[in-house]
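What follows is each chain in one-letter form.
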Amino acid sequence: MKSADIRANFLKFFEQRGHKVVSSAPLLPADPELLFNIAGMVPFKPYFLGEQDPPAPTVTSVQKCLRTSDIDNVGHTARHHTFFEMLGNFSFGDYFKQQAICLAWEFLVEQMQLDPGRLWIGIFAGDSEQDLPPDSEARDIWENTVGLSSDRIIEFDASENFWTMGDTGPCGPCSEIHYDLHDTRADAAEIASLISSGDDRILELWNLVFMQFNRDQSGNLTKLPQQNIDTGLGLERLAVVMQGCQNNFETDLFQPIICQTMQLAGVESPPAEQQTALRIIADHLRAATVLLSEGLLPGNEGRGYILRRLIRRASRWGRKLGFDSAFLHQLIDPVVEIIGQPYPHLKTNLAAVRQKLRREEQQFIKILQEALNELDSRLVQLNSRENPRISGDEIFKLYETHGLPVEITTEILTDEGIQFDPDEISAAERRHRKRSQGQRGQAGDSQLDLSSLESTDFVGYEQLTLDSQVVALFQDTEPVTTLPAKTAGTVVLKQTPFYPERGGQVGDRGTIEQFTVEDTVVSSDVIAHHGHTGSEALTVGQSVTARVDRSRRQSIMRHHTATHLLQAVLREQLGDQIMQSGSFVSSDYFRFDFTCDHPIEPDLLRTIEQRVNSLIYQQNPVEISQMSRQQADAEGALAFFGEHYGEEVRVVKISGPEDNLSCELCGGTHVTNTGFIGLFVITNETSVAAGARRI
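Let me sum up the structure you'll find in this document.

Rules behind the numbers
Per-chain numbering applies: the sequence of each chain, read as written, is numbered from 1 onward. The model is predicted, so local features are restricted to residues of pLDDT at least 70 and side-chain atom pairs to those at 80 or more, both for listing and for counting; the totals for chains, interfaces and linings are taken over all residues. Side-chain measures here rest on the full set of heavy atoms in the structure, leaving out hydrogens and waters. We call a pair of cysteine sulfur atoms a disulfide whenever their separation is within 2.5 Å. Buried means the residue's accessible area, taken with a 1.4 Å probe over protein chains only, is under 20% of the maximum for its type, while exposed means over 50%, and partly exposed covers the values in between. Patch membership requires over 30% relative accessible area and the absence of a salt bridge. Like charges are linked within 9 Å, and nonpolar side chains (Val, Leu, Ile, Met, Phe, Trp, Tyr) within 5 Å. Computed by Shrake-Rupley with a 1.4 Å probe, the accessible areas treat only the displayed protein chains as cover when residues are assessed. Salt bridge, as used here: a side-chain nitrogen of Lys or Arg that lies within 4 Å of a carboxyl oxygen of Asp or Glu. For helices the rule is a DSSP run of H or I covering at least 4 residues; for strands it is a run of E covering at least 2, with both sets numbered from the N terminus onward. We define the nonpolar core as a collection of buried residues of types Ala, Val, Leu, Ile, Met, Phe, Trp, Tyr and Cys that are connected through side-chain atoms lying within 4.5 Å of one another. A pair of strands is labelled paired if DSSP reports no fewer than 2 bridges between them. Note on geometry: axes are lines fitted to C-alpha atoms, helical ones only across the stretch in contact, with angles between N-to-C directions running from 0 to 180 degrees. The contact criterion used throughout is that any non-hydrogen atoms of two residues lie within 4.5 Å. Working definition: a ring pair exists when centres of Phe, Tyr or Trp rings (six-membered ring for Trp) sit within 6.5 Å. Plane angles under 30 degrees give stacked, over 60 give edge-to-face, the rest tilted. Arc definition: it is the arc formed by the directions from the helix axis to the C-beta atoms. Helix crossings get a hand from a simple test, with the near helix turned counterclockwise from the far one by less than a right angle marking a left-handed crossing and a clockwise turn marking a right-handed one. Gly falls in the polar group here, along with every residue not listed as nonpolar (Ala, Val, Leu, Ile, Met, Phe, Trp, Tyr, Cys, Pro) or charged (Asp, Glu, Lys, Arg).

Going through the model one piece at a time under the given rule, you end up with zero disulfides. Between Cys102, a free cysteine, and Cys174, which holds the nearest cysteine sulfur, the sulfur-to-sulfur gap is 18 Å. The thiol sulfur of Cys663 is not disulfide-bonded, and the nearest other cysteine sulfur, from Cys666, lies at 11 Å. Relative accessible area serves as the criterion here: at 10%, Cys663 is assigned to the buried category.

Here you go:
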């Protein structure tokens, strides 16, 4: 059975049993604190917590997932992947253990016609530390409702059969369905040992999570408002069984990519090392293609760094197949053929993905060639020694001097049997950072000790003039009780109307009695006002009147709201892959950085300018509201990657005559109507980095 048919059969099976079919969420979740969607249940977290109403009491989906915790194992084992697809059925307070177990058994045994004699069941053995008993209810259902003999049901501890999405969040005991790839029979003790050791003979097919609890940051469990079901059945693993394979890479989810790679490389009967290379390339290329199609660009931090590492790792392993120039972009077609039907955005963005992939690999090869020549000469010297070893300083120098990523160097060294100490590499990196920082920050905000102060109450959204009280003063970086007249220093107030510099918006200016505020910053929720006193001193405890420069603030507000309109129009004209990558909003102008790998033609730039002005002239209302993060995600609010958002978020929505023009998470200050912005003029458009433009 082809993988496309497995997907279709799964969704149809559960749809016929009352489940609503839900499309896959993107790999890139709206939450900047979560790098990728790592499981089928992630998009449904608000429903499990009872924070939002689900689209239906029971749903089913095939969810794109990405995990990189085991990236070093990919290609070396039969099962490890970065990108994978998770088939799942979910119940939000509707059915629970019995129906979940029976549905899973019916699908596998009756629908997919798997041999029941090869299926083994894992259940939760209990956890005395959490005061959780063994899952006798699940055992009873497997034995008395499904009809399994007790010796096919094996108990495992919390590390194996208690599922949680992370250190915190919805969780609960689970029951796993395992498949024995061998037709030789084994007893329960042998199977339990194989499962615990992760032996490739046993496939963990399906995890049925009985989601009953929420785990807080202290590790405490509290019962959820309702009992839920979250299941995950790996498509790649079920394909192994349905296609009679012993290895995920033998299935039709990978073979077309592997075959085309072999053809391109001129390889017919690859030895073990080249087989590993083929698997790594196929896996990483699938992940990179999907990430690029969703608008992510390779970078040096966060999600972008992971994408860059996937591309570079695949490119480096291509050298073992004889590739010495960019080749990955030539292998995208089989990826799209395999997963383009369920995820059509791959086809829509195919040309852009191919271009981005080719450019990133070409840049890497330039770096790699010089660095590898240097490394190769070191390897010749090292291999001549009896116990070859390289220092952390030498490894990091290859990165510092030649740009060779540390993880690639260590992979090569491991392959060559060269010893090294990871702690030495970390120490070398810390020394590098310290040198790079130099004298920076010695007289800056980082030297102000604000840790003993309470968070400042910011009221500047509602008012620009406020009677407040001085709670702390600093002269240079030292705390003082009195800041003398005509002296530079820093003032901290109990309450302030001054907006601090953050999110790309500059800090407010104004006055605090005789103190002229030249800049406003924030650290650990304490807002600090930098400036100088006039003819009179300031003292701690003094009552003062704080006045924000109204004219300047209003100019900043006009510019900040204009950035939202510009992003909306850029996405309208260039596609939803356009995302903000940085901004600077001042009283005189703003600049806006966004993901885009090509210059914008002058005619299109004029169209963008005219479109923004038309939205301004429409005098569209700007609505600002507080809501839960989950509600904001449900409304499609854009989040700026790299920004930190709490559970409660501020949403800025610009509504047009027919629908929402813009909806973003934003803590900045804004006008109440687009008409207040005035004339919008684009003065320049240029490249700011690879794959990023600036207006």
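Further remarks concern a nonpolar patch on the surface. A cluster of nonpolar side chains, contributed by Tyr617, Leu679 and Val681, occupies part of the molecular surface with about 350 Å² of accessible area. Note on placement: Val681 falls in the loop between β25 (660-665) and β26 (686-689).

Before going further, it helps to spend a moment on the pattern of salt bridges. All told, the structure shown has 25 salt bridges when counted by the stated rule. In this structure, the salt-bridge partner of Arg308 is Glu360, at a minimum N-O distance of 2.7 Å. Of the two residues, Arg308 is situated in helix α10 (residues 302-318) and Glu360 in helix α13 (residues 350-383); the sequence distance between them amounts to 52 residues. Taken individually, Arg308 and Glu360 each receive the classification buried, so the pair is uniform in this respect. Salt-bridge contacts for Arg312 lead to Glu360; the nearest nitrogen and oxygen are separated by 3.8 Å. On the criterion of sequence distance, the pair formed by Arg312 in helix α10 and Glu360 in helix α13 is long-range, its members being 48 residues apart. Arg312 gets classed as buried once you look at its relative accessible area, which sits at 12%. Here the salt bridges do not stand alone but share partners, grouping Lys97, Asp135 and Glu137 into one network.

Once that is clear, we can look at the nonpolar core. Ranked by size, the top nonpolar core spans 88 residues in total, and within it Phe107, Leu114, Trp142, Ile177, Trp206, Leu238 and Leu291 carry the most contacts. For this core, the element with the highest residue contribution is helix α9 (residues 272-293), accounting for 11 residues. By size, the runner-up hydrophobic cluster in this structure holds 30 residues, among which are Leu565, Leu615, Ile616 and Ile695.

Taken together, the four strands give an open sheet; going across it, the order is β21-β22-β27-β26, and neighbouring strands pair in antiparallel fashion. For this open sheet the edge positions go to β21 (580-585) and β26, each flanked by a neighbour on one side alone. Recorded for the sheet is a direction-independent mean angle of 25° between the axes of neighbouring strands. As judged from the three bridges shared by β26 and strand β27 (residues 692-694), these two strands associate in the antiparallel manner. Counterpart to Ser687 in the pairing with β27 is Arg693. Running over the sheet, helix α17 (residues 550-574) touches β21 and β22 (590-595) and is turned about 25° from β22.

Bringing the packing of aromatic side chains into the picture now. Taken as a whole and assessed by the stated rule, the structure comprises 25 aromatic pairs. Both rings, one in Phe107 and one in Trp206, keep their centres 5.9 Å apart while their planes meet at 85°; by these two values the pair is edge-to-face. Pair noted here: Phe107 is in helix α3 (residues 97-111) and Trp206 is in strand β8 (residues 202-215), with a separation of 99 residues, a long-range link. Relative accessible area serves as the criterion here: at 0%, Phe107 is assigned to the buried category. Residue classification places Trp206 among the buried positions, given a relative accessible area of 0%.

Let us now look at helix α8 (residues 255-265). When we look at burial in α8, the residues that qualify are Ile257, Ile258, Thr261 and Met262. Angularly, the buried residues of α8 cover 135° about the axis, an arc narrow enough to put them on a single face. Where α8 is buried, its residues touch α9 and α11 (332-339).

Next up on the list: the environment of Ser136. Checked against the element boundaries, Ser136 lands in helix α4 (residues 136-146). Separated by 47 residues in sequence, Ser136 and Asn89 place their C-alpha atoms 23 Å apart.

Helix α15 (residues 406-416) packs onto α13 with a crossing angle of 35° between their chain directions and a minimal axis gap of 11 Å. Handedness of the α13/α15 crossing: right-handed. Here Phe364, Leu372, Leu375, Leu379 and Asn383 of α13 come into contact with α15, specifically with Ile408, Thr409, Ile412, Leu413 and Glu416. Tallied by class, the residues present in the contact of α13 with α15 amount to seven nonpolar, two polar and one charged.

Geometry only, nothing functional implied.
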